[in-house]
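Structure at a glance
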Amino acid sequence: MRRTVPMVLTFCAGFIMVLDGFFNISFINGFANRYLMRSVTLSVAWAAGIGALNIVRLHVRNITTKRTNYQYSYILLGFFFFMLISGVVLERHTTNPFYQFVYSSFQAQLSAAVFSLSSFYLASSSYRAFRARSLEATLLLVAAVFVISGSVPMGAAIWSGFPTVSQWLMKYINDSTMRAFTIGSTMGTLSQCVRNLVGIERGHLRGSEGG
Amino acid sequence: MEKKTIWHTMAAVDVRFLYIIIVIAIVIPLLNPIGLPLVFLDEVIDTVALMRSIPPGSLVYFGAECAAENSAELRPPAVAGARLMYELGHRIIIGGFWPDGCILVRQWLTPYFEEMGAVYGEDYVILGYRASVTSILDTARDNFILAFSDRDINGDRLSSMPVMAGLNKASDFAYCFVLSPGGPGTGTYTTAWRATGEVDLIIDVPTGSMYNSAGNNYQSGLTAGLIGGLNGGAQFEQLIGHPGEATRSMDAQSMGHFAIITFLVVGNIGYFQIRRMEEQEKEAIKSGGS
Amino acid sequence: MAGVNVPTAIVDALTPWSTTIGVICLIGVWSMLYKENPFYRACEHAYVGSAAAHTLVTTYANTIKPGIQMNMAQNGDYWEIIPILLGCLIYFQPIRQYNWISRFPMAFWVGYNAGYSLTLRVAMPLFTEARRTMLPFFVITDGRFDLMTSINNIVFTGVVVLVLVYFIFSRNVIQGKGVFLNRWARIAIMICFGAGFGNGVANRVSLLIGRFNYVLSDWLKLY
């Protein structure tokens, strides 16, 4: 029951999609489009709260057990419930002017600020970590210097060859290597999907007790 | 005791000093741009030509796949793309599968649409974020209204809007213009609509970090257009005759790039100098001992 | 259900402060660059809380609510309660005694996506890319042999084959004189990674430019 039913569910959902993809059978095509895909959309949407639920559980536990730095959990929960309640109860939800104000002032700016930290870390790693210790590492650095220089106007102003070399590296070495990566990963994806469908790969059924 | 040289001092420099350098390198050209000329790439020129070749009145899907952290790179091509689409008389359907995507694109484009006189519901519509990208794009192949539950971002009925006239399924789109900072992104539309033959023309607008794989898709013909990163955005702005944020930021981009190159070069010179000195010291100790 | 509205006067009074609040958030996050401090920690937690809530709000407003409005209330598709209940089974995941129940929706999604990928959707790009890899090695342009394009095509196809061989066949398969193939493949891969790093730099510098545009242009109105 605990493993067999999910495996049957995996097989049935996948098999219907395969039939829908390869055969022009109106019943199957109609069923897949009207019911199966719609079911995926609805079930995924209603499951969206699981991540948030885990965050709330974790921080409520932080507060109740007074773990180190538990005070910050109040801030997290405060922002979470403030945005959640204002987004759900306000008229027109995400396009409500008040929600837009909250989103633009806090969420969008915090998100952009947090990600921009990586720019500083990149600067320090460029100075302290990237070393031409071997032929391969040297090639990486040289290619990087050409691409960095070739993709901005100043590179072309210093030497008109920078954009040409950069474009050549991008078109003939980068694109071809990426092509090989894509072909390899696609074949891996396909084989993984077959393994999932026939029940050889059951990683998604792990992490639960009982069997 | 080991002798301290300038290279040792430089190797031990406080990282905050590097942060200040990168900040100065970016802020000064932002305040005083020089306006160095851009090098135009064929891929951007061809993309503009492709968009111009689509007849007026055509339906266009605008994939608002972006988040706040990508706004510096994706806002300029998004604004320029929407401007060009409206000027060409295309009807724009804006959808997105990143929670921030449609909200951000609405904030970016609304002032320009108002300035140009575009009417919401007649010239463009914003569908709003939807969870479960693959199943929705798959459903949209047969029934676009059902896939998006007949509601736009404001909760109004899509089927009553003039902009939706003639839009029954994904194949009714002339092309897709997709911002692409990762997944969902161009790859999602390629598998959902391009591979199934619904939409042949997909214009890829990746961020800098996605530009690597975007070139592969463009070369293989999976995407029909490519406008990559802030540099691509600046070229795009200039090609459509509306230089804007990206064009203005290119000098800062140049200086930022060269600051990083300087860090790479100086860091490596210092490393090799120190290593050479250490080897010389070892040699000296060895020869002294023997 | 008619929603609540915050009075326009309040929103109008708050809106001019939006950019200032954004700059305070930015300073809070960037204060981490100096050293770890409570202001940064507070901003970090505010970010996680608001991002989690925002995802829920957008999902509710644009997927769940329209679905109920159109399909159930308008079209009478009450069968949709079944997948909704199936999706809700994921909430058993934190309850140790019953968390096996959360396998059901997971199994359904994995099955759907596996089936989705096994159709032409994933295979077609593979075939297209494989076909566009087979470039002509001898290119004739305007009746004359085009040396540069021919070399470029050989490089392109050669690199694809080398890297594929490198990944598909392990070192144990290619031995002896064939090992040099691995070396060339590694060189191509490192150049590709270098280009990736170069484009990554462009991306990261753009992030900074975005923040400084916000401070200098949107907040200080310097340009």
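What you see is a predicted model; the values in this text were computed from it and never measured. (Residues numbered from 1 in each chain as written. Chains lettered and ligands numbered in written order. Predicted model: local features only at pLDDT ≥ 70, side-chain atom pairs only at ≥ 80, totals over all residues. Heavy atoms only, no water.)

What chain A contains, in helices and strands, is eight helices and zero strands. Each helix and strand of chain A, placed in order from N terminus to C terminus, yields the pattern α-α-α-α-α-α-α-α. By the compact-globule yardstick of 17 Å for 211 residues, chain A is too spread out, its C-alpha radius of gyration being 26 Å. Looking at chain A as a whole, 55% of its 211 residues qualify as buried. Here the contacts in chain A between residues at least 6 apart in sequence split such that 25% fall between residues at least 24 apart. With an accessible surface of roughly 9200 Å², chain A has 67% of that area assigned to carbon and sulfur atoms. (Helix = DSSP H or I, 4+ residues; strand = E, 2+ residues; numbered from the N terminus. Rg over C-alpha atoms; globule rule 2.2 N^0.38 Å. Buried < 20%, exposed > 50% of the residue type's maximum accessible area, 1.4 Å probe, protein only. Contact = heavy atoms within 4.5 Å. Areas by Shrake-Rupley, 256 points an atom, 1.4 Å probe, with all protein chains shown as cover.)

Let's shift gears to the pattern of salt bridges. Residue and element names in this part refer to chain B. Throughout the structure, instances matching the rule amount to 15 salt bridges over all chains. One salt bridge connects D138 with R141, and the closest N-O pair in it is separated by 3.3 Å. Of the two residues examined, D138 and R141, each falls in the buried class. Between D150 and R157 there is a salt bridge; the shortest N-O distance is 3.5 Å. (Salt bridge = Lys/Arg side-chain N within 4 Å of Asp/Glu carboxyl O.)

Here we take up the interface of chain B and chain C. Contact residues are listed per partner, giving 56 residues for chain B and 46 residues for chain C. Between R121(C) and D138(B) there is a salt bridge, with its nearest N and O atoms 2.9 Å apart. Put simply, the parts of the chain that give the side of chain B that touches chain C at least two residues each are α2 (15-31), α4 (71-87), β3 (124-129), α6 (133-140), α7 (144-147), α8 (186-194), α9 (211-220) and α11 (245-289) of chain B. Here the side of chain B that touches chain C gets nine residues from one element, more than from any other, and that element is α11(B). Split into classes, the residues belonging to the side of chain B that touches chain C amount to 23 nonpolar, 19 polar and 14 charged. (Nonpolar A, V, L, I, M, F, W, Y, C, P; charged D, E, K, R; others polar.)

Moving on, we get to the sheet that holds β3(B). All names here are of chain B. A sheet is described by the order of its strands in space; here six strands give the open sequence β3-β2-β1-β4-β5-β6, paired in parallel fashion. This sheet does not close on itself; its edge strands, each paired only once, are β3 and β6 (225-226). Where strand β4 (residues 173-180) meets strand β5 (residues 202-206), five bridges bridge the pair, whose relative direction is parallel. Looking across to β5, one finds that L179 is bridged to V205. (Pairing = 2+ DSSP bridges.)

Moving on, we come to helix α5 (residues 101-116) of chain B. Residue and element names in this part refer to chain B. If you check α5, its first and last C-alpha atoms are 22 Å apart, about what 16 residues at 1.5 Å a residue would give, namely 22 Å. Residues of α5 that are buried include every one of G101, C102, I103, L104, V105, W108, L109 and F113, and no others. Backbone geometry just after α5 places G117 at a positive phi near 90 degrees. (Expected span 1.5 Å × (residues − 1).)

When the domains of chain A are assigned, the result is domain 1 (1-47) and domain 2 (132-201). Computed over C-alpha atoms only, the centres of domain 1 of chain A and domain 2 of chain A are separated by 37 Å. (Domains from an automatic or database assignment.)

Residues and elements named next belong to chain C. Judged by side-chain polarity, F137, F138, I140, F145, L147, M148, I151 and I154 come together as a nonpolar surface patch covering roughly 840 Å² of accessible area. Per element, the largest residue contribution to the nonpolar patch is four residues, and it comes from helix α7 (residues 147-168). Relative to the assigned elements, F137 resides in the loop between α6 (120-131) and β1 (140-141). On the accessibility criterion, F137 (37% relative accessible area) is partly exposed. (Patch = residues over 30% accessible without salt bridge, like charges linked within 9 Å, V, L, I, M, F, W, Y side chains within 5 Å.)

This part covers the packing of helix α5 (residues 97-128) of chain A against helix α3 (residues 38-74) of chain C. Taken N-terminus to C-terminus, the directions of α5(A) and α3(C) make an angle of 120 degrees; their axes are 9 Å apart at the nearest point. Classified by the angle their axes make, α5(A) and α3(C) are oblique. As α5(A) packs across α3(C), the resulting crossing turns out to be left-handed. From α5(A), Y99(A), Y103(A), Q107(A), L110(A), S111(A), V114(A), F115(A) and L117(A) reach across to α3(C), where they touch Y40(C), C43(C), A46(C), Y47(C), S50(C), A51(C), H54(C) and V57(C). Residues belonging to the contact of α5(A) with α3(C) are distributed by class as follows: twelve nonpolar, four polar and no charged. (Axes fitted to C-alpha atoms, helices over the stretch in contact; angles between N-to-C directions. Parallel < 35°, antiparallel > 145°, perpendicular 65-115°, else oblique. Left-handed = near helix turned anticlockwise from the far one by under 90°.)

Residue and element names in this part refer to chain C. Along the polypeptide, I101 turns up in the loop between α4 (81-88) and α5 (103-118). Taking the C-alpha atoms as reference, I101 lies 8.9 Å from Y91; in sequence the two are ten residues apart. Leave out the neighbours within four places in its chain, and I101 touches L89 and F92.

Time to look at the pairing of β4(B). Two faces belong to every sheet, and in a regular strand the side chains alternate between them. Counting buried residues along β4(B), seven of its eight residues qualify, which places the element largely inside the surrounding structure. Read from β4(B) through α8(B) to β5(B), the crossover connection turns out right-handed. (Right-handed = clockwise from strand over helix to strand, strands pointing away.)

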